[in-house]
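# Report on the structure
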Amino acid sequence: MRRLFCLLMAAGMACSAGAAEATNRYEIRRVHDRDGIGKFYMGREIAHVMGHLAADWLERTNRDEEEHTGKLVDQLRLKAGDVVADIGCGTGYFSGRLARKILPGGRVLGVDIQPEMLQLLTNKMAEGGLTNVVPILGSITDPHLPAQSVDMVLMVDVYHEFDYPFEMMEATLRGVKPGGRIVFVEFRAEDPSVPIRPVHKMSEAQVKKEMSVFPLDWVETIGTLPRQHLIVFRKRHPSRVL
């Protein structure tokens, strides 16, 4: 009985330590940007999530003109047979474009935490005759990707809205193959002329800072888009020695 009691006490202490560690990752401030949630991670305030009622903004007719979205997809250098996770896929604006690039044999895992967005995604893919896009309902801490199944993760203007960025990235990486790529597309915080609210932008330095705690290597930052940068990382192979 004493041994059992000790084991239960040790387990309880470990759980408490884990919860404290998770809590200490984040800071809550009463004074904050009105477009943020008042929760800070590594000095950055987390932005409010764009709800499905604003989905029309994702499908606006001048989006390609403003953001050069076709060029963005071209720069991902996808190939037939790739498995791509479009996290924060929304209406599927990028999911459909990715799906066509990886035919034949490729699949897009369209992840969103809003069932309404996934319904819009499903409808849009059906209208386009695309059958290689799989909708996945994620959570605020886990995109629910199959283990080590993904060649590339794409996050377009979404990472800065994650309520739990550490937990979300930790879970995301479990779904990425060793050597797989993680691509962040974020509006450039370094450029005040980009007409986006500050908490919905991220600097290259901040993205690198937040990814430094994971088994990732920075590959490149592509700055050819008019308003956003593409920041590319690669998941390390388990055998790699730093």
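Residues numbered from 1 in each chain as written. Predicted model: local features only at pLDDT ≥ 70, side-chain atom pairs only at ≥ 80, totals over all residues. Heavy atoms only, no water.

### Some words on the overall build of the protein
For the record, the criterion: Per the convention used, a helix needs a DSSP run of H or I reaching at least four residues, while a strand needs a run of E reaching at least two, with both numbered from the N terminus. With a 1.4 Å probe rolled over the protein chains alone, any residue whose accessible area is under 20% of its type maximum counts as buried; one over 50% counts as exposed, and the rest are partly exposed. Residues are treated as being in contact if the distance between any of their heavy atoms lies within 4.5 Å.
Helices and strands together make up the secondary structure of the protein, namely seven helices and 11 strands. Buried residues in the protein amount to 47% of all 242 residues. Here the analysis covers contacts within the protein between residues at least 6 apart in sequence; of these, 67% occur between residues at least 24 apart.

### With respect to the pattern of salt bridges
As a reminder of what qualifies: Salt bridges are counted wherever a side-chain nitrogen of Lys or Arg sits within 4 Å of a carboxyl oxygen of Asp or Glu.
The final tally for this structure, using the stated rule, is 17 salt bridges. In this structure, glutamate 204 and lysine 208 form a salt bridge, with 3.3 Å as the shortest nitrogen-oxygen distance. Within this pair, glutamate 204 and its partner lysine 208 are both found in helix 7 (residues 204-211), separated by four residues, close to a single helical turn. Since its relative accessible area comes to 23%, glutamate 204 is described here as partly exposed.

### Here we look at the pairing of strand 11 (residues 228-235)
Note the cut-off: DSSP-based pairing: two strands are paired if at least 2 bridges between them are found.
Here strand 11 lies mainly inside the structure; seven of its eight residues are buried. Pairing of strand 8 (residues 176-188) with strand 11, which is carried by seven bridges, proceeds in the antiparallel orientation. The residue of strand 11 that forms the bridge with arginine 181 is arginine 234. Note: strand 10 (residues 216-222) against strand 11, six bridges, orientation antiparallel. Following the sheet pairing, threonine 221 is matched in strand 11 by isoleucine 231. Where strand 10 folds back on strand 11, the antiparallel hairpin that results is connected by five residues.

### Re the packing of aromatic side chains
Quick note on the threshold: Here a pair means two rings of Phe, Tyr or Trp (six-membered ring of Trp) with centres within 6.5 Å. Their orientation is stacked below 30 degrees between planes, edge-to-face above 60, and tilted elsewhere.
A complete count under the given rule lists seven aromatic pairs for this structure. Centroid distance tyrosine 26 to tyrosine 41: 5.4 Å. Interplanar angle 40°. Geometry classified as tilted. On the criterion of sequence distance, the pair formed by tyrosine 26 in strand 1 (residues 26-28) and tyrosine 41 in strand 2 (residues 36-41) is long-range, its members being 15 residues apart. Comparing tyrosine 26 with tyrosine 41, the two get one shared label, buried.

### Side note on the confidence of the model for the protein
Put simply, the rule is: The pLDDT score gives, residue by residue, the confidence of the prediction method on a 0 to 100 scale.
With 89% of its residues at a pLDDT of at least 70, the protein reaches an overall mean of 91. The low-confidence segment residues 1-21 (pLDDT under 50) makes zero contacts with residues lying over four places distant or belonging to another chain.

### So, the sheet that holds strand 2
Test applied: Angles run from 0 to 180 degrees between N-to-C directions of axes, and those axes are lines fitted to C-alpha atoms, restricted for helices to the stretch in contact.
Reading across from one edge, 1-2-3 is the order of the three strands in this open sheet, with antiparallel pairing throughout. Of all strands in the sheet, those bounded by a partner on one side alone are strand 1 and strand 3 (44-47). Ignoring which end each strand starts from, the neighbouring axes of this sheet average 40° apart. Summarising the sheet, strand 1 and strand 2 pair through three bridges and their orientation is antiparallel. Bridge pairing links glutamate 27 to phenylalanine 40 in strand 2.

### A word on helix 5 (residues 115-127)
Rules: Residue count minus one, scaled by 1.5 Å, sets the expected span of a helix. Summarising the geometry, the arc corresponds to the directions from the helix axis toward the C-beta atoms.
In this model helix 5 runs 18 Å from its N-terminal to its C-terminal C-alpha over 13 residues, within 8% of the 18 Å that 1.5 Å per residue would give. Residues of helix 5 that are buried: Met117, Leu118, Leu121 and Met125. The buried side chains of helix 5 occupy one side of the element, clustering within an arc of 95° when seen end-on. Seen from the open side of helix 5, the exposed residues pointing more than 90 degrees away from its buried face are Ala126 and Glu127. Elements in contact with the buried residues of helix 5: helix 4 (93-101), strand 5 (107-112) and strand 6 (133-137). Where helix 5 ends, the next residue or the one after it, glycine 129, has phi of about 70°, a positive value.

### A word on the pairing of strand 5
For a regular strand, side chains alternate in direction, first toward one face of the sheet and then toward the other. As a reminder, the rule being used: Handedness is read with the strands pointing away from the viewer; a crossover is right-handed when the path from the first strand over the helix to the second is clockwise.
Of all six residues in strand 5, five are buried, a share of seventy percent or more. One ladder, built from five bridges, connects strand 4 (residues 83-87) with strand 5; its direction is parallel. Each bridged residue has a counterpart across the sheet, and for isoleucine 87 the counterpart in strand 5 is valine 111. Handedness of the β-α-β unit built from strand 4, helix 4 and strand 5 comes out right-handed. The sheet contact formed by strand 5 and strand 6 spans five bridges and is parallel. Bridging across to strand 6, valine 108 finds its partner in valine 133. Considered for its hand, the β-α-β crossover made up of strand 5, helix 5 and strand 6 is right-handed.

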